[in-house]
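This is what each chain is made of:
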Amino acid sequence: MWDLISNSVYASILLSIAIAIIGSLIVINKTTAITGSIAHGSFGGIGLAMFLGSSIILTTSAFTIVLAIILAFITIKFPHRKDSLIGVIWAVGMSIGIIFLSLTPGYQSDALSYLFGNILLVENKDLIFMGIIDSLILISIIFLYNRFLAMSYDREFLTLRGINANMLYTYFLILTSLTIVMSVRAIGIILILALFTIPALIAERFTKKFFSMMIVSGILGLVFMVGGIIISFYYDISPTPTIVIIAGVALILSLLKK
Amino acid sequence: MTAVEVKNLYFKYEKEWILEDINFTLKDKEFMAIIGPNGGGKTTLLKILLGFLNPNKGEIKIYSKSPKESREIIGYVPQHTNFSLDLPITVFDIVLQGRLKKRKFFYNQKDKQKANEVLENLKIKNLKNKKIKDLSGGQRQKVLIARALVSEPKLLIMDEPTSAIDPSGQKEILDLIESFNVTRIVVSHDIKILLRNVDKIAYIHKKATIHEGPKLNIPKDKHFCEVELIDFLKDENCGI
Ligand SMILES: Nc1ncnc2c1ncn2[C@@H]1O[C@H](COP(=O)(O)OP(=O)(O)O)[C@@H](O)[C@H]1O
Ligand SMILES: [Mg+2]
């Protein structure tokens, strides 16, 4: 059995680092909708890669970074209409993906596998990409921990301290988009949002410092993923929805407590 | 030494002038209170002083520099801060953030020492490790004041620091502000601030009417009270 699930366990460990840090930052910065928009919009990158026959990881990375920059611009320039505009990017990204797919016969089912992903099918090259992005995330949080924390509740204050808050925010969305690319193969576009926000939402309620929130969400993310992998392996069901349902049940239980 | 100099300032967001021909100067360590009706342009004026908004006309010098260049020496307490109450952040974390600056990513011993000192001065050292959620409105306000003071500013700008606080808390905050030995510009919706030891009072309603303190002397300043403040105070005795 270990041989069959070993890669998925390694993937869970690598993903839990991103869930800990980026997931917690998504929750405290209230960028859930933006993350959903980048995640769904990334389908455009996948479609483009299949149409061009280029590398999915690299093409989708470039595509989602562009989306992240557009979204940063929109939310900074049009704060009052950002929710609608975020929804537009969400739909346009997916539409681009579908159009490229319809121009690329024979790859439909391949592309659709990215909608829900499959952590049991993760390959070595996916693990390497995850490791690279994790390193980038870790270095970023070490240096930017205090800035990100301040950004979550008072960007004006950062500006006053001589720190470029818009640049910081854009960088955070770029990190988010790379996190999405590292997760699509394993988790899939549609359920990424749940896996990144649920552990952080639970952790936030039980921690006093942001650092502990990250640690707790990472551990929860890992437990949900490994639990989901084992159950889906034994019952031969799709892993991502299993993981999300476990996480969802845990969230409900945590909300019941006080 | 001149701390703040505003000359001929005009500002509009869209078509309509929000501020017209504002002029005042403030010396080092002086305390200016800004009052005026809601929507009169008080917050807008502060944002111009902080360099968040650019004036359409006029000149501003803060310790002889432009607002953007002088940010390092300004402490600011905003009118609203959208803390999500669940945010896992302690009082000490927030106060330390006042020590952040360009190219500075980590806190050193001096930063922590300074933060402790400010918490001590504001008598909230006991709250140091509390989560923001567990504080009262007045305590939260003091934390934001501490965050502004910890950078050792020469100019402290505060936007309605006593709103949403109970009366005894308001008095405490005003006592504190009065005691700070830095240049202060404090916007208040509460006219009791005029009874404080202020050096200047600005009544801002598009235009500014400046009254030179200390303290509003009602009989002598009858004109200021009756003509300039009348709409605002709705009381022939100046309401104080
Ligand atoms: N971002 C903005 N865009 C357009 N108008 C604004 C903006 N902010 C404030 N105003 C308008 O400018 C005027 C002054 O507002 P403000 O400076 O907040 O007043 P005060 O702080 O004295 O209550 C008000 O009429 C307000 O509606
Ligand atoms: Mg205001």
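Worth saying up front: this structure is predicted, and the values here are computed from it rather than measured.

For chain B, the count of helices and strands is 7 helices and 9 strands. A sequence separation of at least 24 residues applies to 65% of the contacts in chain B between residues at least 6 apart. Looking at chain B as shown, the accessible area adds up to about 11,300 Å², and 47% of this sits on carbon and sulfur atoms.

Helix and strand content of chain A: 11 helices and 0 strands. Of the regular secondary structure in chain A, the N- to C-terminal order runs α-α-α-α-α-α-α-α-α-α-α. The C-alpha atoms of chain A give 18 Å as radius of gyration, which agrees with the globular expectation for 258 residues (18 Å, within 12%). Structurally, chain A occupies a C-alpha span of about 55 × 45 × 30 Å along its principal axes. Looking at chain A as a whole, 56% of its 258 residues qualify as buried. Accessible area of chain A: about 10,900 Å², with a carbon and sulfur share of 74%. Side chains of chain A give 14 positive and 10 negative charges; the mean places of these two sets differ by 15 Å.

Residue and element names in this part refer to chain B. Along strand β6 (residues 155-159), 5 of the 5 residues are buried, which leaves the element largely enclosed by surrounding structure. Going residue by residue along β6, you find Leu155, Ile157 and Asp159 tucked away on one face and Leu156 and Met158 tucked away on the opposite face as well. As judged from the 4 bridges shared by strand β5 (residues 74-77) and β6, these two strands associate in the parallel manner. Within the sheet, the bridge partner assigned to Gly75 lies in β6 and is Leu156. Inspection of the sheet shows β6 paired to strand β7 (residues 183-187) by 5 bridges, in the parallel sense. Note that in β7 the partner of Leu155 across the bridge is Thr183. A crossover links β6 with its parallel partner β7, the connecting element being helix α5 (residues 167-179), and its sense is right-handed.

Residue and element names in this part refer to chain B. The coordination sphere of the magnesium ion (ligand 2) contains the protein donors Thr43 (OG1) and Gln79 (OE1), at a distance range of 2.0 to 2.5 Å. Here Thr43 is found in helix α1 (residues 42-49), whereas its partner Gln79 is found in the loop between β5 and α2 (91-96), with 36 residues between them in sequence. The class for Gln79 is partly exposed, based on a relative accessible area of 27%.

With that settled, the discussion passes to the site of ligand 1. Residues and elements named next belong to chain B. Close to ligand 1 lie Tyr13, Ile18, Pro37, Asn38, Gly39, Gly40, Gly41, Lys42, Thr43 and Thr44, which account for all nearby residues. Contact between ligand 1 and Gly41: an oxygen atom at 3.0 Å from a main-chain N or O atom of the residue. At 2.7 Å, a side-chain N or O of Thr43 approaches an oxygen atom of ligand 1. Out of a free accessible area of 560 Å², ligand 1 has 58% covered by protein chains. Top element by residues in the shell around ligand 1 is α1. It accounts for 3 residues.

Right, let's talk about the interface of chain B and chain A for a bit. The interface is formed by 33 residues belonging to chain B together with 26 residues belonging to chain A. Here chain B packs against chain A, burying approximately 2,800 Å² in sum over the two surfaces, 55% of which is carbon and sulfur. Among the residues chain B hides against chain A, the three largest losses belong to Pro88, Leu100 and Phe105 of chain B. Together they make up 22% of the total. Between chain B and chain A we count 3 salt bridges in total. Seen at the junction of chain B and chain A, the total is 15 residue pairs in polar contact (both at pLDDT 80 or more). Secondary structure elements with two or more residues in the side of chain B that touches chain A: β5 and α2 of chain B. Broken down by class, the residue content of the side of chain B that touches chain A amounts to 14 nonpolar, 8 polar and 11 charged.

A few words on the packing of aromatic side chains. Inspection of every chain in the model, using the stated rule, returns 10 aromatic pairs over all chains. Here Phe143 of chain A and Phe106 of chain B contribute two aromatic rings whose centre-to-centre distance is 5.4 Å and whose plane-to-plane angle is 55°, an arrangement assigned as tilted. You can see Phe143 of chain A sitting in helix α6 (residues 124-151) and its partner Phe106 of chain B sitting in the loop between α2 and α3 (109-121), one on each of two chains. A ring pair is formed by Tyr10 of chain B and Trp17 of chain B, whose centres lie 5.3 Å apart and whose planes are at 75°; its orientation type is edge-to-face. What makes Tyr10 of chain B buried here is its relative accessible area of 18%. The class for Trp17 of chain B is partly exposed, based on a relative accessible area of 28%.

This paragraph deals with the side chain of Ser140 of chain A. Residues and elements named next belong to chain A. By the element assignment, Ser140 lies in helix α6. Polar side-chain contacts of Ser140 include one of 2.7 Å to the side chain of Tyr171. Setting aside anything within four residues of it in sequence, one finds Ser140 in contact with Tyr145, Tyr171 and Leu175.

Residues and elements named next belong to chain B. Inspection of every chain in the model, using the stated rule, returns 20 salt bridges over all chains. For the salt bridge of Glu59 with Lys61, the shortest nitrogen-to-oxygen distance reads 4.0 Å. In this structure Glu59 comes out as partly exposed when scored by relative accessible area, which is 38%. For Lys61, a relative accessible area of 29% translates into the label partly exposed.

All names here are of chain B. Within α1, 6 of the 8 residues are buried, which leaves it mostly tucked inside the rest of the structure. Inspection of α1 places Lys42, Thr44, Leu45, Leu46, Ile48 and Leu49 among the buried residues, and these make up the whole buried set. Taken from the residues just after α1, Gly51 is the one with a positive phi, measuring 80°.

All names here are of chain A. Taken together, the side chains of Met1, Ile230, Ile231, Tyr234, Tyr235 and Ile237 define a hydrophobic patch exposed on the protein surface, amounting to about 630 Å² of accessible area. The residue Ile231 is located in helix α10 (residues 210-235) in this model. For Ile231, a relative accessible area of 35% gives the class partly exposed.

Low-confidence regions, as indicated by low pLDDT, have predicted coordinates that should not be scrutinised in detail. When the pLDDT values of chain B are averaged, the result is 87; 88% of them are 70 or greater. Scored by ipTM, the complex comes to 0.88, with pTM at 0.91.

The rules behind these values
- Residues numbered from 1 in each chain as written.
- Chains lettered and ligands numbered in written order.
- Predicted model: local features only at pLDDT ≥ 70, side-chain atom pairs only at ≥ 80, totals over all residues.
- Heavy atoms only, no water.
- Helix = DSSP H or I, 4+ residues; strand = E, 2+ residues; numbered from the N terminus.
- Contact = heavy atoms within 4.5 Å.
- Areas by Shrake-Rupley, 256 points an atom, 1.4 Å probe, with all protein chains shown as cover.
- Rg over C-alpha atoms; globule rule 2.2 N^0.38 Å.
- Buried < 20%, exposed > 50% of the residue type's maximum accessible area, 1.4 Å probe, protein only.
- Lys, Arg positive; Asp, Glu negative; His and termini not counted.
- Charge placed at Lys NZ, Arg CZ, Asp CG, Glu CD.
- Pairing = 2+ DSSP bridges.
- Right-handed = clockwise from strand over helix to strand, strands pointing away.
- Donors = N, O, S within 2.8 Å, 3.2 Å for Na, K, Ca; no water.
- Near = heavy atom within 4 Å.
- Polar contact = N/O pair within 3.5 Å; in protein donor to acceptor, adjacent residues only side chain to side chain.
- Buried area = accessible area lost by both parts, 1.4 Å probe.
- Salt bridge = Lys/Arg side-chain N within 4 Å of Asp/Glu carboxyl O.
- Nonpolar A, V, L, I, M, F, W, Y, C, P; charged D, E, K, R; others polar.
- Phe/Tyr/Trp six-rings, centres within 6.5 Å; stacked < 30°, edge-to-face > 60°.
- Patch = residues over 30% accessible without salt bridge, like charges linked within 9 Å, V, L, I, M, F, W, Y side chains within 5 Å.
- pLDDT = per-residue confidence, 0-100.

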